[in-house]
Amino acid sequence: MTAPVFLAGREELAKDSFVLGGPEGRHAATVRRLRAGERLDLTDGRGAVAECVVREAAKDSLTVDVLRRYDVPPGRPRLVVVQGLPKGDRGELAVEMMTEAGVDAIVPWAASRCVTRWQGDRAGKSLAKWRSAAREAAKQSRRFWLPEVAEQATTAQVAALLTGAERAVVLHEEATTALSGVDLPLSGDVVVVVGPEGGIGDDELAAFRAAGAIPCLLGPTVLRTSTAGVAAVAVLQARTGRW
């Protein structure tokens with residue numbers, strides 16, 4: 001059985017022994033019930049890893065000894081998914097699954113046909129939920145690089161992101177080019193745009209084409225917006241050799 005993963009600061013990871021407290025220590029001690037002698041891995045979420053063993057377990061913290069340290073390089077190319085805002089809790093589901101599949105960055109997109117709107121206080125709360133879902137999914141899947149969940153983007157901001165990418169694609173059910181056949185770079189950003197439930201508007205598709213994006217088809221079926229992103233990430237992971 002693999003060791004569970006928890007988050008810690010880089011300063012803590014540099015020590016030979018320290019107390020893992022706060023929410024992470026509480027989760028490790030009270031939820032996972034780790035005890036003296038058991039193994040765990042700690043990471044700062046930016047590639048630094050410390051393999052540790054529990055020296056002592058308290059009610060809501062652990063004292064750990066560091067066995068060894070190493071750094072995990074980021075994946076190349078970098079996989080970015082622009083996600084049209086889904087309805088209800090499907091956004092968190094999409095973030096969770098894409099994180100488990102290895103996405104490097106997720107950009108929430110306020111598409112014109114989105115039913116859900118992030119406005120006012122709701123915007124901050126919704127973004128916090130997405131970031132929490134990414135953090136927990138990364139720990140569950142033993143990732144040492146947490147995916148970035150960016151601020152909500154407009155269509156113009158997405159177009160600018162596509163312009164700067166090494167390869168940019170837009171998932172579209174009427175496309176004739178298969179995602180599995182698109183040439184992919186060895187480095188830089190590969191950006192995939194996933195539309196909302198209502199689809200991508202004609203003006204949005206035109207703007208993304210003008211920014212250099214290629215409309216692509218995932219397969220013969222139409223996937224939900226909450227599952228299209230993870231399917232695309234899986235294809236790209238395999239095709240780039242990251243998997």
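Reading the values: the criteria
- Residues numbered from 1 in each chain as written.
- Predicted model: local features only at pLDDT ≥ 70, side-chain atom pairs only at ≥ 80, totals over all residues.
- Heavy atoms only, no water.
- Buried < 20%, exposed > 50% of the residue type's maximum accessible area, 1.4 Å probe, protein only.
- Helix = DSSP H or I, 4+ residues; strand = E, 2+ residues; numbered from the N terminus.
- Pairing = 2+ DSSP bridges.
- Axes fitted to C-alpha atoms, helices over the stretch in contact; angles between N-to-C directions.
- Parallel < 35°, antiparallel > 145°, perpendicular 65-115°, else oblique.
- Contact = heavy atoms within 4.5 Å.
- UniProt positions renumbered as here; feature names shortened; annotations may be inferred.
- Arc of directions from axis to C-beta.

**Q** Before we move on, could you go through the pairing of strand S3 (residues 39–43) and cite the residues and values that matter?
**A** Taken residue by residue, a regular strand's side chains alternate between the two faces of the sheet. Within S3, four of the five residues are buried, which leaves it mostly tucked inside the rest of the structure. In the sheet, strand S1 (residues 5–7) pairs with S3 via three bridges, with the strands oriented parallel. Considered in S3, the bridge of phenylalanine 6 is made with leucine 42. As paired strands, S3 and strand S4 (residues 48–57) are joined by five bridges and run antiparallel to one another. Residue leucine 40 lies in a different strand from S4, and its bridge partner there is cysteine 52.

**Q** Which residues make up the packing of helix H3 (residues 90–101) against helix H7 (residues 225–240), and what are the values?
**A** Two quantities define a packed helix pair, namely the angle between the axes and the distance from one axis to the other. Relative orientation of the contacting elements H3 and H7 amounts to 10°, with a least axis distance of 8 Å. By the angle class used here, H3 and H7 are roughly parallel. Side by side, H3 and H7 meet where Arg90, Ala94, Met97, Met98 and Ala101 of the first sit next to Ser226, Thr227, Gly229, Val230, Val233 and Gln237 of the second.

**Q** Lay out the environment of valine 170 in plain terms, naming residues and giving numbers.
**A** One can find valine 170 in strand S9 (residues 167–171). A relative accessible area of 1% means that valine 170 is categorised as buried. Once the C-alpha coordinates of valine 170 and alanine 232 are considered, the two residues, 62 residues apart in sequence, prove to be 10 Å apart. Those residues in contact with valine 170 that lie beyond four places of it in its chain are Val193, Ile200, Leu205, Phe208, Ala213, Ile214, Pro215 and Cys216.

**Q** Summarise the UniProt feature "domain: Ribosomal RNA small subunit methyltransferase E PUA-like" (unreviewed entry) in the protein chain; cite the residues concerned and give the values.
**A** UniProt records the feature "domain: Ribosomal RNA small subunit methyltransferase E PUA-like" (unreviewed entry) for residues 20–66 in the present numbering. End C-alpha atoms of residues 20–66 are separated by 12 Å, and the span's content is 21% helix alongside 45% strand.

**Q** How would you sum up the pairing of strand S10 (residues 189–194)? Please name residues and give values.
**A** Most of S10 sits out of view: five of its six residues are buried. Direction of pairing for strand S6 (residues 78–84) relative to S10: parallel, over a ladder of six bridges. Residue pairing in the sheet places valine 82 in a bridge with valine 193 of S10.

**Q** Provide a residue-level description of helix H6 (residues 202–210), including the pertinent values.
**A** Every buried residue belonging to H6 is among Glu204, Leu205 and Phe208, and all of these are buried. Angular distribution of buried residues about the axis of H6 spans 100°; they occupy a single face of the element. Residues of H6 that are exposed and point more than 90 degrees away from the buried face comprise Asp202, Asp203, Arg209 and Ala210. Tucked inside the fold, the buried residues of H6 contact strand S7 (105–109), helix H5 (155–163), S9, S10 and strand S11 (214–216). Immediately beyond the C-terminal end of H6, within one or two residues, lies glycine 212, with a positive phi of roughly 100°.

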